[in-house]
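# Coordinates in review
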Amino acid sequence: MTSSLSTDRLVVAVDGPSGSGKSSVSREAARRLGAAYLDTGAMYRAVTLSCLEEGVDLASRQAVAEAVRRAEIEVSTDPEQEQTVLVNGRNVTQEIREPRISERVSAVATTPQARENLVARQREIIGAHPRIVAEGRDITTVVAPDADARILLTASEEARLRRRGLQLGGSQSAEQLAEQVTGRDRKDSALVNFTSAADGVVTLDSSDLDFEQTVQAVLEIVLRAGSEGTR
Ligand code: DC
């Protein structure tokens, strides 16, 4: 039996709603697996910023799709380094986390042609890395349904609101937070189902787990998937 923790090729797909902790958990799991890390949400955020900079009407699907096609984006994939996100050569790492982006990103995420374009770019990045942990909303189902391990990371609404509130340093009111977490999930789930696990996807509920326990649980799922795949 070969352990997937040491095989040459390893793709781990992690999906989940806002505030489920999937970014920090996936990054740490990638570190421990000696794998690259892809934050696909950062790509949706980056192209949203590009649309805003170009003054694109977010209500026009065609205009959004064209702007997404034009946008040059670069997202770092080394989990050992601070994340950097470039849009048309400009460093927008901090900017894409601002509420004005969080509030508008669903307009891009619910435009089918924009998704198609980003999914193709994500597959290319995944293909270029022998070992990678990729996280988002449709990685287990659309981007990498053949991944070696597929995980849906969930958490109760209360836990997700609390985590996102801490992440934003208490700068948001309860209403703003609810809009950015539950409101956004509602909009985003119009095209993608990330609340229930597809066939073969393991659900991991992190509501009562701390960060380390969640990372360990992910690593165990990866290990188990590897031993089943090589049996
Ligand atoms: O994970 P995040 O909050 O940074 O994601 C930003 C937005 O991008 C979120 O509103 C949903 C969307 N998204 C998506 O539709 N599909 C993905 N694979 C990743 C993110």
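## Remarks on the site of the ligand
Lining the immediate surroundings of the ligand are 14 residues, of which Arg45, Arg115, Asp138, Arg184 and Asp188 lie closest. Arginine 115 is positioned with one of its side-chain polar atoms (N or O) 2.7 Å from an oxygen atom of the ligand. Relative to its unbound accessible surface of 450 Å², the ligand loses 99% to contact with the protein. When residues of the shell around the ligand are traced back to their parent elements, those giving at least two are α2 (40-53), α5 (105-109) and α9 (174-188). The leading source of residues in the shell around the ligand is α2, at 4 residues.

## A few points about the nonpolar core
Counting residues in each nonpolar core, the largest one holds 36 residues, and the members touching the most others are Val108 and Ile126. With 7 residues, the top contributor of residues to this core is α2. In contact with isoleucine 126, not counting residues within four places along its chain, are Arg9, Val11, Leu38, Ile132, Ala134, Val143 and Ala144. Ranked by size, the runner-up nonpolar core spans 20 residues in total, among them Ala35, Val218, Leu219 and Val222.

## What to know about the pattern of salt bridges
Considering all chains together, one arrives at 14 salt bridges under this definition. When the shortest N-O distance is used, the salt bridge between glutamate 28 and arginine 31 registers 2.5 Å. Residue glutamate 28 and its partner arginine 31 are both found in helix α1 (residues 22-33); the two are separated by 3 residues, about one turn of the helix. Under the relative-accessibility criterion, glutamate 28 is labelled buried at 13%. According to the relative accessible area criterion, arginine 31 is partly exposed, its value standing at 31%. A salt bridge links arginine 90 to glutamate 53, with the shortest nitrogen-to-oxygen separation between them at 2.1 Å. Linking arginine 90 in strand β5 (residues 90-91) with glutamate 53 in helix α2, this pair joins segments that are 37 residues apart in sequence. Taken together, the shared-partner salt bridges connect Glu28, Arg31, Arg32, Glu80 and Glu212 into one network.

## Concerning the sheet that holds strand β4 (residues 85-87)
The antiparallel open sheet is built from 3 strands, whose spatial order is β3-β4-β5. Every interior strand has two partners, whereas the edge strands, β3 (73-75) and β5, have only one. For β3 and β4, the ladder comprises 3 bridges, and the chain directions are antiparallel. Residue pairing across strands places isoleucine 73 opposite valine 87, the latter belonging to β4. Along the sheet, α2 makes contact with β3, β4 and β5, crossing β3 at roughly 150°.

Conventions used here
- Residues numbered from 1 in each chain as written.
- Predicted model: local features only at pLDDT ≥ 70, side-chain atom pairs only at ≥ 80, totals over all residues.
- Heavy atoms only, no water.
- Near = heavy atom within 4 Å.
- Polar contact = N/O pair within 3.5 Å; in protein donor to acceptor, adjacent residues only side chain to side chain.
- Areas by Shrake-Rupley, 256 points an atom, 1.4 Å probe, with all protein chains shown as cover.
- Helix = DSSP H or I, 4+ residues; strand = E, 2+ residues; numbered from the N terminus.
- Core = buried A, V, L, I, M, F, W, Y, C linked by side-chain atoms within 4.5 Å.
- Buried < 20%, exposed > 50% of the residue type's maximum accessible area, 1.4 Å probe, protein only.
- Contact = heavy atoms within 4.5 Å.
- Salt bridge = Lys/Arg side-chain N within 4 Å of Asp/Glu carboxyl O.
- Pairing = 2+ DSSP bridges.
- Axes fitted to C-alpha atoms, helices over the stretch in contact; angles between N-to-C directions.

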